[in-house]
Amino acid sequence: MQECGKTIELREICPADRDALIALWHRVFEDPAALPEAFLRLLPEMGGGVAATVDGALAGAAYIVTGLRVGDRRAAYLYAVAVQPAYRGLGLGKAVTQAAVRLGRERGADFVCTLPASASLYGWYERLIGVRCALYRREESFPACEGFAVTPLSAADYNARREALLAGKVHLTLSDAAAEYERCNCRCFGGDFYAVGDGIAAAYREDGQLTVRELLCPDPAQRRAYAAAVAAHLGCARVRLYSPGTRGDSPYLAAEPGALPVDCVWSLAFD
């Protein structure tokens, strides 16, 4: 394909792209190198990716995570769409996004979802791939407080406990590989997966406090106390706790209309 005198090619990513993909990720998202390294290591078990090259140079990429389920429905999760600043304006973001979604469908996904990086992108994704805000979340902030034992968990242990705690509820089911990446995400930012009391938490440090992305326990009344204990365990003065919300709260996950009920427990979107 020719655009502005440049030769543009779309193709699936390959092992030879690794260093260029890591450099692109760091350039656009400014994450520590350990995060894209972990993602690319686990990606063959989780899904795939699409690269855009311009005159042979890797200029953009998008990934599709397919090892996810909601009940008996398979989800394709669009993730980490990135274009090198020097190549913006050529339509590469649109091209890799649509190609990654096609790849997800080819691999058997029943529906597509994503977490837009900002509120302004919900409309862009709706026009591009037909997704709109399906889930919402709320956040609260409060002081840390000791009171419960906190112990790191492996991704497999966390995943097994998560499934037990969510039994009977409509929820996202992760593959062990996807859970491992979620744990790497937390660990890259000073957190981890934890057992706390009779519950579990996925948390990391952000903006000087502990962000708890997911906290599940048998008694919802214990959630704040457990979150406060994790924050104290990690030496944080305060905790930000995210919880599933309803319309009117902050927009969260975007999905194809009708794909997800509003009470679906997602929590661990790849944000």
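Here the structure is a predicted model, which means the values were calculated and not measured.

J.: What should I look at first to understand the side chain of Glu 182 in this one?
T.: By secondary structure assignment, the location of Glu 182 is in helix H6 (residues 176–188). Since its relative accessible area comes to 0%, Glu 182 is described here as buried. Residue contacts for Glu 182: discarding those within four places in its chain leaves Phe 193, Arg 213, Leu 268, Ala 269 and Phe 270.

J.: Would you take a moment to explain the side chain of Asp 31 for this structure?
T.: With respect to the helices, strands and loops of the structure, Asp 31 is situated in the loop between helix H1 (18–29) and helix H2 (34–46). Buried and without a salt bridge, Asp 31 has Arg 213 as its closest oppositely charged side chain, separated by 11 Å. Here Trp 25 takes part through its side chain, which lies 3.0 Å from a polar atom of the side chain of Asp 31.

J.: Help me out: how do you make sense of the pattern of salt bridges in this one?
T.: On inspection of all chains with the given rule, the structure shows 15 salt bridges. With its nearest N and O atoms 2.7 Å apart, the salt bridge here joins Arg 11 to Asp 17. Assessed through its relative accessible area of 25%, Arg 11 is described here as partly exposed. Asp 17 sits in the buried class, given a relative accessible area of 7%. Across the pair Glu 214 and Arg 162 runs a salt bridge whose closest N-O atoms are separated by 3.0 Å. Of this pair, Glu 214 sits in strand E13 (residues 209–216) while Arg 162 is found in helix H5 (residues 155–165), placing the two residues 52 residues apart along the sequence. You can call Glu 214 buried: its relative accessible area is 1%. Salt bridges here are not isolated pairs; linked through shared partners, they connect Glu 139, Glu 206, Asp 207 and Arg 240.

J.: What is the right way to look at the sheet that holds strand E14 (residues 238–245) in this model?
T.: Two modes of strand pairing occur in sheets, parallel and antiparallel, and in both the strands are linked by backbone hydrogen bonds. The strand order across the open sheet formed by seven strands is E9-E11-E12-E13-E14-E8-E15, and the pairing between neighbours is mixed. At either end of the open sheet lies a strand with only one pairing partner, and these are strand E9 (150–152) and strand E15 (250–251). Sheet analysis places E13 next to E14, joined by three bridges and oriented parallel. Residue pairing across strands places Val 212 opposite Leu 241, the latter belonging to E14. With respect to the sheet, H5 is in contact with strand E11 (192–196), strand E12 (199–206) and E13, its orientation differing from that of E12 by roughly 125 degrees.

The rules behind the values
Residues numbered from 1 in each chain as written. Predicted model: local features only at pLDDT ≥ 70, side-chain atom pairs only at ≥ 80, totals over all residues. Heavy atoms only, no water. Helix = DSSP H or I, 4+ residues; strand = E, 2+ residues; numbered from the N terminus. Buried < 20%, exposed > 50% of the residue type's maximum accessible area, 1.4 Å probe, protein only. Contact = heavy atoms within 4.5 Å. Lys, Arg positive; Asp, Glu negative; His and termini not counted. Salt bridge = Lys/Arg side-chain N within 4 Å of Asp/Glu carboxyl O. Polar contact = N/O pair within 3.5 Å; in protein donor to acceptor, adjacent residues only side chain to side chain. Pairing = 2+ DSSP bridges. Axes fitted to C-alpha atoms, helices over the stretch in contact; angles between N-to-C directions.

Worth remembering: the numbers are spatial, not functional.
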